[in-house]
Amino acid sequence: MSYDAIVVGAGISGAATAYHLAKAGAKTLLIERGEPASGGTGKSAAIIRQSYSTPLLVRLARASITIFENAKAELGREAGFVQDGYCFVVNAEMLDGAKKNVAMQKGLGIVNEWSEGPGFQQHLPEINPEDIAGIVYEPHGGYADPVQATEAYVAAFQNLGGEFRARTPARALLRKGDRVTGVELDSGEVSANHVVNAAGPWAKPLAASAGLDLPMRSVREQDTVWQVPAGRAMPKTSISMGVDATYYRPLGQGRFIIGRGFPKEYVDVDPYNYKTTADADFVADVQARVERRFPAFAGMKLIEAYAALYDVTPDWYPFVGPRKGIAGYADFSGGSGHGFKIAPSIARELAGWLLTGKVADDFRQFSHDRVAAGKLFVQSFGGNRG
(Lines give C-alpha, C1' and ligand atoms only; values in the text may rest on other atoms or scores of the structure.)
Protein backbone atom coordinates (compact mmCIF):
# COMPACT_ATOMS: atom_id res chain seq x y z
CA MET A 1 0.00 0.00 0.00
CA SER A 2 1.19 3.50 -0.80
CA TYR A 3 0.68 6.81 0.99
CA ASP A 4 1.51 10.44 0.44
CA ALA A 5 3.13 10.44 3.88
CA ILE A 6 4.03 8.05 6.69
CA VAL A 7 4.70 9.48 10.14
CA VAL A 8 6.62 7.26 12.56
CA GLY A 9 5.82 7.95 16.22
CA ALA A 10 2.59 9.12 17.84
CA GLY A 11 3.94 11.40 20.50
CA ILE A 12 2.83 15.03 20.30
CA SER A 13 5.26 15.70 17.42
CA GLY A 14 4.16 12.86 15.17
CA ALA A 15 0.47 13.11 16.02
CA ALA A 16 0.35 16.85 15.28
CA THR A 17 2.33 16.40 12.04
CA ALA A 18 0.04 13.62 10.84
CA TYR A 19 -2.98 15.82 11.61
CA HIS A 20 -1.65 18.78 9.61
CA LEU A 21 -0.63 16.56 6.69
CA ALA A 22 -4.11 15.03 6.57
CA LYS A 23 -5.74 18.43 6.98
CA ALA A 24 -3.83 19.59 3.88
CA GLY A 25 -5.24 16.64 1.94
CA ALA A 26 -2.34 14.19 2.11
CA LYS A 27 -3.14 10.48 2.42
CA THR A 28 -1.28 9.80 5.66
CA LEU A 29 -0.40 6.78 7.80
CA LEU A 30 0.60 7.32 11.44
CA ILE A 31 2.31 4.39 13.15
CA GLU A 32 3.31 3.96 16.79
CA ARG A 33 5.20 1.13 18.51
CA GLY A 34 2.94 1.46 21.60
CA GLU A 35 -0.03 3.74 22.19
CA PRO A 36 -0.32 7.51 21.61
CA ALA A 37 1.99 9.44 23.98
CA SER A 38 3.43 6.18 25.38
CA GLY A 39 7.01 7.44 25.00
CA GLY A 40 8.54 10.65 26.31
CA THR A 41 5.45 12.75 25.59
CA GLY A 42 3.26 10.97 28.12
CA LYS A 43 5.77 11.56 30.93
CA SER A 44 6.37 15.21 30.02
CA ALA A 45 5.71 17.90 32.62
CA ALA A 46 4.20 19.74 29.63
CA ILE A 47 4.97 23.20 30.99
CA ILE A 48 3.96 25.92 28.52
CA ARG A 49 6.20 28.99 28.34
CA GLN A 50 7.52 31.60 25.93
CA SER A 51 10.73 32.38 27.82
CA TYR A 52 13.17 31.47 25.09
CA SER A 53 16.33 33.18 23.91
CA THR A 54 15.81 32.97 20.14
CA PRO A 55 13.04 34.75 18.21
CA LEU A 56 12.25 31.49 16.39
CA LEU A 57 11.34 29.55 19.53
CA VAL A 58 9.50 32.53 21.01
CA ARG A 59 7.43 32.73 17.82
CA LEU A 60 6.69 29.00 17.84
CA ALA A 61 5.85 28.92 21.57
CA ARG A 62 3.42 31.81 21.11
CA ALA A 63 1.79 30.05 18.15
CA SER A 64 1.47 26.81 20.12
CA ILE A 65 -0.24 28.61 22.98
CA THR A 66 -2.85 29.89 20.53
CA ILE A 67 -3.30 26.32 19.26
CA PHE A 68 -3.72 24.97 22.82
CA GLU A 69 -6.18 27.77 23.64
CA ASN A 70 -8.28 26.87 20.59
CA ALA A 71 -7.90 23.08 20.73
CA LYS A 72 -11.63 22.40 21.13
CA ALA A 73 -12.48 24.36 18.00
CA GLU A 74 -9.53 23.05 15.98
CA LEU A 75 -9.32 19.41 17.10
CA GLY A 76 -12.79 18.73 18.47
CA ARG A 77 -11.63 18.25 22.06
CA GLU A 78 -9.60 20.03 24.71
CA ALA A 79 -5.85 19.59 25.14
CA GLY A 80 -5.93 19.89 28.94
CA PHE A 81 -4.43 23.39 28.79
CA VAL A 82 -4.44 25.22 32.14
CA GLN A 83 -3.40 28.85 31.65
CA ASP A 84 -2.35 29.61 35.21
CA GLY A 85 0.83 31.50 34.31
CA TYR A 86 4.54 30.75 34.34
CA CYS A 87 7.51 32.13 36.30
CA PHE A 88 11.20 31.95 35.35
CA VAL A 89 13.39 32.63 38.39
CA VAL A 90 17.00 33.66 37.69
CA ASN A 91 20.20 34.17 39.65
CA ALA A 92 22.74 36.99 39.26
CA GLU A 93 24.69 35.07 36.61
CA MET A 94 21.57 34.79 34.42
CA LEU A 95 20.34 38.35 35.03
CA ASP A 96 21.67 40.12 31.94
CA GLY A 97 20.57 37.34 29.61
CA ALA A 98 17.11 37.29 31.15
CA LYS A 99 16.69 41.05 30.74
CA LYS A 100 17.74 40.89 27.07
CA ASN A 101 15.37 38.00 26.44
CA VAL A 102 12.44 39.79 28.10
CA ALA A 103 13.03 42.82 25.88
CA MET A 104 13.30 40.62 22.76
CA GLN A 105 10.13 38.73 23.71
CA LYS A 106 8.18 41.95 24.29
CA GLY A 107 9.36 43.17 20.90
CA LEU A 108 7.69 40.09 19.42
CA GLY A 109 4.41 40.85 21.19
CA ILE A 110 4.81 38.51 24.16
CA VAL A 111 3.07 39.63 27.33
CA ASN A 112 5.45 39.30 30.28
CA GLU A 113 6.42 41.13 33.43
CA TRP A 114 9.84 41.57 35.00
CA SER A 115 10.72 41.91 38.67
CA GLU A 116 14.14 42.53 40.13
CA GLY A 117 14.68 40.31 43.15
CA PRO A 118 12.09 37.92 44.58
CA GLY A 119 8.92 39.84 43.58
CA PHE A 120 5.55 38.46 42.53
CA GLN A 121 4.52 37.29 45.99
CA GLN A 122 1.01 36.83 44.58
CA HIS A 123 2.36 34.05 42.34
CA LEU A 124 5.20 32.69 44.49
CA PRO A 125 4.18 33.20 48.12
CA GLU A 126 6.57 32.70 51.03
CA ILE A 127 9.54 32.08 48.75
CA ASN A 128 13.06 32.07 50.21
CA PRO A 129 14.67 35.10 48.47
CA GLU A 130 18.24 33.80 48.73
CA ASP A 131 20.18 34.15 45.44
CA ILE A 132 17.11 35.30 43.47
CA ALA A 133 18.13 38.18 41.17
CA GLY A 134 14.94 38.46 39.14
CA ILE A 135 11.73 36.80 38.00
CA VAL A 136 9.93 36.79 34.65
CA TYR A 137 6.17 36.24 34.83
CA GLU A 138 4.10 35.19 31.81
CA PRO A 139 0.31 35.31 32.30
CA HIS A 140 -0.29 33.29 29.12
CA GLY A 141 1.91 30.38 30.23
CA GLY A 142 0.82 27.31 32.16
CA TYR A 143 0.73 23.60 31.36
CA ALA A 144 -1.20 21.04 29.34
CA ASP A 145 -2.13 17.39 29.73
CA PRO A 146 0.36 15.70 27.36
CA VAL A 147 -1.64 12.50 26.88
CA GLN A 148 -4.94 14.34 26.38
CA ALA A 149 -3.34 16.74 23.89
CA THR A 150 -1.76 13.91 21.87
CA GLU A 151 -4.94 11.86 21.85
CA ALA A 152 -6.83 14.94 20.64
CA TYR A 153 -4.51 15.19 17.64
CA VAL A 154 -4.79 11.46 16.87
CA ALA A 155 -8.60 11.58 17.04
CA ALA A 156 -8.75 14.69 14.84
CA PHE A 157 -6.35 13.03 12.38
CA GLN A 158 -8.59 9.95 12.18
CA ASN A 159 -11.69 12.14 11.76
CA LEU A 160 -10.01 13.61 8.68
CA GLY A 161 -9.64 10.10 7.25
CA GLY A 162 -6.07 9.50 8.42
CA GLU A 163 -5.02 5.94 9.22
CA PHE A 164 -3.52 5.26 12.65
CA ARG A 165 -1.92 1.95 13.62
CA ALA A 166 -0.97 1.46 17.28
CA ARG A 167 1.37 -1.34 18.46
CA THR A 168 3.05 -1.18 15.06
CA PRO A 169 6.83 -0.78 15.30
CA ALA A 170 8.78 0.58 12.34
CA ARG A 171 11.51 -2.01 11.82
CA ALA A 172 13.48 0.02 9.27
CA LEU A 173 13.30 2.78 6.73
CA LEU A 174 13.29 1.68 3.11
CA ARG A 175 15.88 3.40 0.92
CA LYS A 176 16.65 3.27 -2.79
CA GLY A 177 19.67 5.34 -3.78
CA ASP A 178 19.22 8.88 -2.57
CA ARG A 179 15.57 8.48 -1.62
CA VAL A 180 13.72 7.05 1.39
CA THR A 181 10.74 5.24 -0.11
CA GLY A 182 8.82 3.92 2.87
CA VAL A 183 8.90 1.85 6.04
CA GLU A 184 9.31 -1.84 6.82
CA LEU A 185 6.68 -3.16 9.24
CA ASP A 186 6.19 -6.64 10.66
CA SER A 187 3.31 -7.00 8.20
CA GLY A 188 5.43 -5.98 5.21
CA GLU A 189 6.65 -2.90 3.38
CA VAL A 190 4.62 0.30 2.96
CA SER A 191 5.71 3.08 0.64
CA ALA A 192 5.24 6.85 0.74
CA ASN A 193 6.38 10.06 -0.93
CA HIS A 194 7.38 11.41 2.48
CA VAL A 195 8.48 9.61 5.64
CA VAL A 196 8.65 11.69 8.84
CA ASN A 197 10.87 10.28 11.57
CA ALA A 198 9.14 11.47 14.75
CA ALA A 199 10.26 8.50 16.85
CA GLY A 200 11.75 10.58 19.67
CA PRO A 201 14.53 8.73 21.54
CA TRP A 202 14.14 5.86 19.05
CA ALA A 203 14.65 8.16 16.02
CA LYS A 204 18.41 7.63 15.91
CA PRO A 205 18.37 3.86 15.28
CA LEU A 206 15.52 4.34 12.79
CA ALA A 207 17.55 6.92 10.84
CA ALA A 208 20.58 4.61 10.99
CA SER A 209 18.55 1.86 9.30
CA ALA A 210 18.70 4.01 6.13
CA GLY A 211 22.33 5.02 6.64
CA LEU A 212 21.41 8.45 8.00
CA ASP A 213 23.34 10.01 10.86
CA LEU A 214 21.33 11.56 13.68
CA PRO A 215 23.57 13.11 16.37
CA MET A 216 21.20 12.67 19.25
CA ARG A 217 21.50 11.33 22.78
CA SER A 218 18.88 9.40 24.73
CA VAL A 219 19.21 10.52 28.34
CA ARG A 220 17.31 9.33 31.38
CA GLU A 221 15.14 12.05 32.92
CA GLN A 222 13.67 11.60 36.39
CA ASP A 223 10.55 13.26 37.79
CA THR A 224 8.74 13.27 41.11
CA VAL A 225 5.15 13.96 42.20
CA TRP A 226 4.55 15.44 45.65
CA GLN A 227 1.56 16.20 47.87
CA VAL A 228 1.97 19.43 49.85
CA PRO A 229 0.31 19.49 53.29
CA ALA A 230 -3.11 21.16 53.26
CA GLY A 231 -3.44 24.81 54.21
CA ARG A 232 0.05 25.82 53.04
CA ALA A 233 0.82 28.80 50.81
CA MET A 234 1.65 27.28 47.42
CA PRO A 235 2.90 28.66 44.09
CA LYS A 236 0.08 29.53 41.72
CA THR A 237 2.05 29.05 38.48
CA SER A 238 4.34 26.64 36.73
CA ILE A 239 7.95 27.53 37.54
CA SER A 240 11.41 27.18 36.05
CA MET A 241 13.61 27.77 39.10
CA GLY A 242 16.90 28.65 37.43
CA VAL A 243 18.41 29.43 40.83
CA ASP A 244 17.98 25.86 42.10
CA ALA A 245 17.90 24.03 38.75
CA THR A 246 14.39 22.72 39.45
CA TYR A 247 11.01 23.00 37.77
CA TYR A 248 7.50 22.85 39.22
CA ARG A 249 4.23 22.08 37.49
CA PRO A 250 0.95 22.19 39.49
CA LEU A 251 -1.34 19.20 39.30
CA GLY A 252 -4.13 20.66 41.42
CA GLN A 253 -5.25 19.74 44.95
CA GLY A 254 -1.84 20.64 46.35
CA ARG A 255 0.13 18.28 44.11
CA PHE A 256 3.14 19.17 41.97
CA ILE A 257 5.35 17.48 39.41
CA ILE A 258 8.89 18.54 40.37
CA GLY A 259 12.06 17.72 38.49
CA ARG A 260 15.65 18.84 38.08
CA GLY A 261 16.52 21.29 35.34
CA PHE A 262 19.78 22.32 33.69
CA PRO A 263 22.57 22.32 34.81
CA LYS A 264 22.77 18.72 35.97
CA GLU A 265 24.35 15.43 34.98
CA TYR A 266 22.78 13.79 31.95
CA VAL A 267 23.14 10.00 31.75
CA ASP A 268 23.01 8.36 28.32
CA VAL A 269 20.97 5.15 28.18
CA ASP A 270 19.73 2.57 25.71
CA PRO A 271 16.18 3.74 24.85
CA TYR A 272 15.11 0.10 24.58
CA ASN A 273 16.46 -0.84 28.02
CA TYR A 274 16.72 1.65 30.87
CA LYS A 275 15.62 2.00 34.49
CA THR A 276 12.13 3.54 34.60
CA THR A 277 11.98 4.13 38.35
CA ALA A 278 13.64 7.14 40.00
CA ASP A 279 16.78 6.94 42.14
CA ALA A 280 16.51 7.46 45.91
CA ASP A 281 19.29 10.07 45.95
CA PHE A 282 17.53 12.02 43.19
CA VAL A 283 14.29 12.10 45.18
CA ALA A 284 16.13 13.25 48.31
CA ASP A 285 17.98 15.95 46.35
CA VAL A 286 14.76 17.32 44.85
CA GLN A 287 13.08 17.38 48.25
CA ALA A 288 15.98 19.28 49.82
CA ARG A 289 16.04 21.90 47.05
CA VAL A 290 12.28 22.39 47.18
CA GLU A 291 11.94 22.65 50.95
CA ARG A 292 14.83 25.14 51.08
CA ARG A 293 13.20 27.38 48.47
CA PHE A 294 9.60 27.00 49.68
CA PRO A 295 9.60 26.34 53.46
CA ALA A 296 5.82 25.80 53.25
CA PHE A 297 6.53 22.57 51.37
CA ALA A 298 8.25 21.05 54.42
CA GLY A 299 6.86 17.61 55.16
CA MET A 300 5.52 17.11 51.65
CA LYS A 301 4.70 13.50 50.78
CA LEU A 302 6.12 11.63 47.79
CA ILE A 303 3.30 10.26 45.62
CA GLU A 304 5.23 8.96 42.62
CA ALA A 305 8.74 8.96 41.16
CA TYR A 306 9.67 7.74 37.69
CA ALA A 307 12.11 8.10 34.82
CA ALA A 308 11.52 8.70 31.12
CA LEU A 309 13.71 9.82 28.23
CA TYR A 310 14.90 13.05 26.63
CA ASP A 311 16.08 12.99 23.03
CA VAL A 312 18.87 15.59 23.12
CA THR A 313 20.60 17.25 20.16
CA PRO A 314 24.01 18.99 20.25
CA ASP A 315 22.44 22.47 20.56
CA TRP A 316 19.26 21.42 22.42
CA TYR A 317 17.06 22.45 19.47
CA PRO A 318 15.11 19.81 17.53
CA PHE A 319 16.00 18.48 14.10
CA VAL A 320 13.04 19.23 11.83
CA GLY A 321 12.52 18.95 8.10
CA PRO A 322 14.15 17.53 4.98
CA ARG A 323 17.90 17.16 4.47
CA LYS A 324 20.14 17.76 1.47
CA GLY A 325 21.17 14.64 -0.39
CA ILE A 326 18.23 12.44 0.63
CA ALA A 327 14.70 12.79 -0.79
CA GLY A 328 11.49 11.54 0.79
CA TYR A 329 12.77 11.83 4.37
CA ALA A 330 12.18 14.40 7.11
CA ASP A 331 13.31 14.61 10.72
CA PHE A 332 11.14 15.67 13.64
CA SER A 333 12.94 14.64 16.82
CA GLY A 334 15.35 15.98 19.40
CA GLY A 335 12.91 17.92 21.57
CA SER A 336 15.64 17.96 24.22
CA GLY A 337 13.15 18.26 27.07
CA HIS A 338 11.32 21.33 25.83
CA GLY A 339 9.77 19.90 22.68
CA PHE A 340 6.17 19.43 23.88
CA LYS A 341 5.23 23.10 23.99
CA ILE A 342 6.56 23.94 20.52
CA ALA A 343 5.51 20.72 18.76
CA PRO A 344 2.02 21.88 17.64
CA SER A 345 3.32 24.92 15.77
CA ILE A 346 6.39 23.09 14.43
CA ALA A 347 4.13 20.34 13.06
CA ARG A 348 1.99 22.84 11.19
CA GLU A 349 5.00 24.47 9.52
CA LEU A 350 6.67 21.12 8.79
CA ALA A 351 3.57 19.81 7.01
CA GLY A 352 3.51 22.91 4.82
CA TRP A 353 7.22 22.56 4.07
CA LEU A 354 6.86 18.94 2.96
CA LEU A 355 3.78 19.44 0.82
CA THR A 356 4.62 22.79 -0.80
CA GLY A 357 8.41 22.98 -0.58
CA LYS A 358 8.05 26.41 0.96
CA VAL A 359 9.26 27.29 4.46
CA ALA A 360 10.10 30.36 6.52
CA ASP A 361 13.80 31.24 6.51
CA ASP A 362 14.11 31.06 10.31
CA PHE A 363 12.38 27.66 10.40
CA ARG A 364 14.74 26.21 7.77
CA GLN A 365 17.60 26.31 10.31
CA PHE A 366 15.92 23.42 12.16
CA SER A 367 17.10 21.07 9.39
CA HIS A 368 19.82 18.57 10.21
CA ASP A 369 21.78 20.42 7.51
CA ARG A 370 22.73 22.97 10.18
CA VAL A 371 25.25 20.47 11.59
CA ALA A 372 27.36 20.30 8.42
CA ALA A 373 26.90 24.04 7.84
CA GLY A 374 28.18 24.85 11.33
CA LYS A 375 25.01 26.82 12.08
CA LEU A 376 23.96 25.38 15.42
CA PHE A 377 21.58 27.44 17.52
CA VAL A 378 23.08 29.61 20.28
CA GLN A 379 21.00 30.32 23.38
CA SER A 380 21.41 32.34 26.56
CA PHE A 381 21.47 29.84 29.41
CA GLY A 382 22.38 26.39 28.12
CA GLY A 383 20.59 23.07 28.21
CA ASN A 384 16.88 22.81 27.58
CA ARG A 385 16.15 26.33 28.78
CA GLY A 386 16.24 27.19 25.08
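Below, the structure is looked at part by part.

Basis of the calculations
Residues numbered from 1 in each chain as written. Predicted model: local features only at pLDDT ≥ 70, side-chain atom pairs only at ≥ 80, totals over all residues. Heavy atoms only, no water. Axes fitted to C-alpha atoms, helices over the stretch in contact; angles between N-to-C directions. Helix = DSSP H or I, 4+ residues; strand = E, 2+ residues; numbered from the N terminus. Parallel < 35°, antiparallel > 145°, perpendicular 65-115°, else oblique. Left-handed = near helix turned anticlockwise from the far one by under 90°. Contact = heavy atoms within 4.5 Å. Nonpolar A, V, L, I, M, F, W, Y, C, P; charged D, E, K, R; others polar. Salt bridge = Lys/Arg side-chain N within 4 Å of Asp/Glu carboxyl O. Buried < 20%, exposed > 50% of the residue type's maximum accessible area, 1.4 Å probe, protein only.

Right, let's talk about the packing of helix 1 (residues 12-23) against helix 5 (residues 146-159) for a bit. Where helix 1 contacts helix 5, the two axes come as close as 8 Å, and the packing angle between them is 25 degrees. One finds that helix 1 runs roughly parallel with respect to helix 5. In terms of crossing hand, the pair formed by helix 1 and helix 5 is left-handed. Note on element contacts: helix 5 touches helix 1 through Ala-149, Thr-150, Tyr-153, Val-154, Ala-156 and Phe-157, opposite Ile-12, Ala-15, Ala-16, Ala-18, Tyr-19, His-20 and Ala-22. Classifying every residue of the contact of helix 1 with helix 5 gives eleven nonpolar, two polar and no charged.

To continue, consider the pattern of salt bridges. Tallied over the entire structure, the rule returns 17 salt bridges. For Glu-163, the salt bridge identified is with Arg-165, shortest N-O distance 2.8 Å. Under the relative-accessibility criterion, Arg-165 is labelled partly exposed at 21%. Residues Asp-279 and Lys-275 are paired through a salt bridge, measuring 2.7 Å at the closest nitrogen-oxygen approach. Relative accessible area serves as the criterion here: at 42%, Lys-275 is assigned to the partly exposed category. Overlapping salt bridges, with partners in common, bring together Arg-59, Glu-349 and Asp-362 in one network.

Okay, the side chain of Gln-50 next. Counting through the fold element by element, Gln-50 comes out in the loop between strand 3 (47-48) and helix 2 (55-69). Note on Gln-50: relative accessible area 0%, which makes it buried. Sequence-distant contacts of Gln-50, that is, excluding residues within four places in its chain, are made with Val-58, Ala-61, Arg-62, Ile-65, Gln-105, Ile-110, Glu-138 and His-140.

Structural measurements only, silent on function.
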